[in-house]
Amino acid sequence: MIEYIKFSSAKYTQKDVEKCIILIENFLDNIAKSENKKKGMELVKTLIIQLNDLNQKCEGTLIETEQREEISTIIILAGHLKGYNSKDEDITYKMRKW
């Protein structure tokens, strides 16, 4: 994401990238502490909404295909490690707009 800013006229800034990273880090901290699937899925939903809003603010350019795959994988694996979903279950698909 940051490298793209340097070589193009990106519609997002380094602060937007940092915000994205912080949102994901906070999610990972919180899901690790979650105690049940319901709470875990609420955390997933909250993160997806936050990322949707951030990406929309950046005119849909912050989270492109490569980033979408990486972010989705992180979320799916975090849920899987807690036993909330299988590794093959894309728990982000229905909610994400990126």
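These lines cover the structure that appears in this document, whether it is placed above or below.

What counts, and where the lines are drawn
Residues numbered from 1 in each chain as written. Predicted model: local features only at pLDDT ≥ 70, side-chain atom pairs only at ≥ 80, totals over all residues. Heavy atoms only, no water. Helix = DSSP H or I, 4+ residues; strand = E, 2+ residues; numbered from the N terminus. Rg over C-alpha atoms; globule rule 2.2 N^0.38 Å. Buried < 20%, exposed > 50% of the residue type's maximum accessible area, 1.4 Å probe, protein only. Expected span 1.5 Å × (residues − 1). Arc of directions from axis to C-beta. Polar contact = N/O pair within 3.5 Å; in protein donor to acceptor, adjacent residues only side chain to side chain. Axes fitted to C-alpha atoms, helices over the stretch in contact; angles between N-to-C directions. Parallel < 35°, antiparallel > 145°, perpendicular 65-115°, else oblique. Contact = heavy atoms within 4.5 Å. Nonpolar A, V, L, I, M, F, W, Y, C, P; charged D, E, K, R; others polar.

### Let's talk about the overall build of the protein
Along its length, the protein carries four helices and zero strands. Helices and strands appear in the protein in the N-to-C order α-α-α-α. Since a compact globule built from 98 residues should have a radius of gyration of about 13 Å, the 14 Å found for the protein is in line with a globular shape. Taken along its principal axes, the extent of the C-alpha atoms in the protein is 45 × 20 × 20 Å.

### Some words on the environment of Thr13
Here Thr13 lies in the loop between α1 (2–7) and α2 (14–33). You can call Thr13 partly exposed: its relative accessible area is 42%. In sequence terms Thr13 and Cys58 are 45 residues apart; their C-alpha atoms lie 8.5 Å from each other.

### Quick notes on helix α4 (residues 65–81)
Since the α-helix advances by 3.6 residues per turn, residues separated by three or four positions end up pointing in the same direction. In this model, α4 (17 residues) spans 24 Å end to end at C-alpha, consistent with the 24 Å of a helix rising 1.5 Å per residue. Listing the buried residues of α4 in full gives Gln67, Ile71, Ser72, Ile75, Ile76, Ala78 and Gly79. Summarising the axial view, the buried residues of α4 lie within an arc of 160°, below the 170-degree limit, and thus occupy one face. Relative to its buried face, α4 has exposed residues pointing more than 90 degrees away, namely Glu66 and Leu81. Of the residues one or two after α4, Gly83 is the one with positive phi, at around 85°.

### So, unusual backbone geometry
Not every positive phi belongs to a glycine, and Glu59 is a case in point at roughly 60°. Assessed through its relative accessible area of 56%, Glu59 is described here as exposed.

### Notes on α2
The terminal C-alpha atoms of α2, which comprises 20 residues, lie 29 Å apart, in line with the 28 Å expected from a rise of 1.5 Å per residue. At the N-terminal boundary of α2, the capping side chain belongs to Thr13, with an oxygen 3.2 Å from the backbone nitrogen of Lys15.

### Observations regarding the packing of α2 against α4
A pair of packed helices is characterised by two quantities: the angle between their axes and the separation of those axes. Remark: α2 packs on α4, axes separated minimally by 10 Å, with the N-to-C direction vectors making an angle of 10°. One element, α2, and the other, α4, form an angle in the roughly parallel class. Residues Cys20, Ile24, Phe27, Leu28 and Ile31 of α2 form the contact with α4, whose own contacting residues are Ile71, Ile74, Ile75, Ala78 and Gly79. Taken together, the residues of the contact of α2 with α4 break down into nine nonpolar, one polar and no charged.

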